[in-house]
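Single-letter residue listing:
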Amino acid sequence: GAVVSQHPSWVICKSGTSVKIECRSLDFQATTMFWYRQFPKQSLMLMATSNEGSKATYEQGVEKDKFLINHASLTLSTLTVTSAHPEDSSFYICSARDRRKGFTDTQYFGPGTRLTVL
Amino acid sequence: GQSLEQPSEVTAVEGAIVQINCTYQTSGFYGLSWYQQHDGGAPTFLSYNALDGLEETGRFSSFLSRSDSYGYLLLQELQMKDSASYFCAVRVNNDKIIFGKGTRLHILP
């Protein structure tokens, strides 16, 4: 149980285009999902917290208009990188908290999406 | 704000024991977690300490001292497959998790 999937697993796009990444909890409902970005050999940086049915909470320094987050259902959150540029190339990882467990100390991570912007 | 400090790299021999330390400065501290990440993969949860003391899970143990803002991950009977990056992470305000910069563990045969 507690499986989180991401799609696509990797994507290459041209500069200026937008890319949508999906994060799904496959066997549980997630009221809260988190989006992280990780550059090579660096830590995971929390970008935003996504709550089902409400606006995402962005961390300081993360552009809301560039990284659009939608959490339309209890099993799906999407991250759209708008007008992507080469500096947005990174590993994007989502995680989800299981609603059934109320507050849990465990976040279940997706496998990540590697974005390369040419 | 929050800050976590952990060594950037640690090297140990197969079969040995290694300890990875983590110190933190944060407001709204709820607990300390440890995650393992292999190259190209996603982080996997190892342990969580909300209270002072030692938590043991198989070959891995984690310790927390809230008064010292300090914790460590102890790996015993090291295996080559344990070569990975290990992140300490703090839970803040009962909500989000902030990760440290990670410790790269190298294991020698």
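Draft legend 1. A look at the overall build of chain A. Across its full length, chain A carries zero helices and eleven strands. In chain A, the order of α-helices and β-strands from amino to carboxyl end is β-β-β-β-β-β-β-β-β-β-β. Taking 118 residues into account, the globule formula puts the C-alpha radius of gyration at 13 Å, and chain A, at 13 Å, falls close to it. Counting the 118 residues in chain A, one finds 53% classified as buried. Surface accessibility of chain A: about 5,800 Å² in total, with carbon and sulfur atoms responsible for 52%. Side-chain charges of chain A comprise 13 positive and 10 negative groups, with the mean position of each set lying 2 Å from the other.

Draft legend 2. The arrangement of the state of the cysteines in detail. Residue and element names in this part refer to chain A. Going through the model one piece at a time under the given rule, you end up with two disulfides over all chains. Two residues, C23 and C94, share a disulfide whose sulfurs are 2.0 Å apart. Residues C23 and C94 are joined through a disulfide that is right-handed, its torsion about the S-S bond being 80 degrees. Residue C23 is located in strand β3 (residues 19–25), and its partner C94 is located in strand β9 (residues 90–97); the two are separated by 71 residues in the primary sequence.

Draft legend 3. Highlighting the pairing of strand β8 (residues 70–75) of chain B. Residues and elements named next belong to chain B. A large share of β8 lies buried, amounting to five of its six residues. Where strand β3 (residues 18–25) and β8 come together, six bridges link them in antiparallel fashion. The residue of β8 that forms the bridge with N21 is Y72. Across six bridges, strand β7 (residues 60–65) lies against β8 in antiparallel orientation. Counted as the bridge partner of S65 is Y70 from β8. What sits between the antiparallel neighbours β7 and β8 is a turn of four residues, in which S69 has the positive phi angle 50 degrees.

Draft legend 4. Just the sheet that holds strand β7 (residues 67–73) of chain A, in detail. All names here are of chain A. Strand order in the open sheet made by the four strands is β1-β3-β8-β7, with antiparallel pairing throughout. Where the open sheet ends on each side, the last strands, each with one partner, are β1 (4–7) and β7. For this sheet, the mean angle separating the axes of adjacent strands, direction not counted, is 15 degrees. Bridge analysis of β1 against β3 gives four bridges, and the strand direction is antiparallel. Across the sheet, residue Q6 finds its bridge partner in β3, namely C23.

Draft legend 5. How the structure looks around the nonpolar core. Membership of the largest hydrophobic core comes to 37 residues, with the highest contact counts inside it found for Y36 of chain A together with L32, L75, Y86 and F99 of chain B. If one sorts the elements of this core by residue count, strand β9 (residues 84–92) of chain B sits on top with seven residues. Ignoring anything within four residues of it in the chain, the contact list for Y86 of chain B reads Q6, I20, Y35, Q36, L46, F60, L73, L75, G102, T103 and L105 of chain B. Residues V11, W35, A48 and V117 of chain A belong to the second largest nonpolar core, which totals 26 residues.

What counts and how
Residues numbered from 1 in each chain as written. Chains lettered and ligands numbered in written order. Predicted model: local features only at pLDDT ≥ 70, side-chain atom pairs only at ≥ 80, totals over all residues. Heavy atoms only, no water. Helix = DSSP H or I, 4+ residues; strand = E, 2+ residues; numbered from the N terminus. Rg over C-alpha atoms; globule rule 2.2 N^0.38 Å. Buried < 20%, exposed > 50% of the residue type's maximum accessible area, 1.4 Å probe, protein only. Areas by Shrake-Rupley, 256 points an atom, 1.4 Å probe, with all protein chains shown as cover. Lys, Arg positive; Asp, Glu negative; His and termini not counted. Charge placed at Lys NZ, Arg CZ, Asp CG, Glu CD. Disulfide = S-S within 2.5 Å. Pairing = 2+ DSSP bridges. Axes fitted to C-alpha atoms, helices over the stretch in contact; angles between N-to-C directions. Core = buried A, V, L, I, M, F, W, Y, C linked by side-chain atoms within 4.5 Å. Contact = heavy atoms within 4.5 Å.

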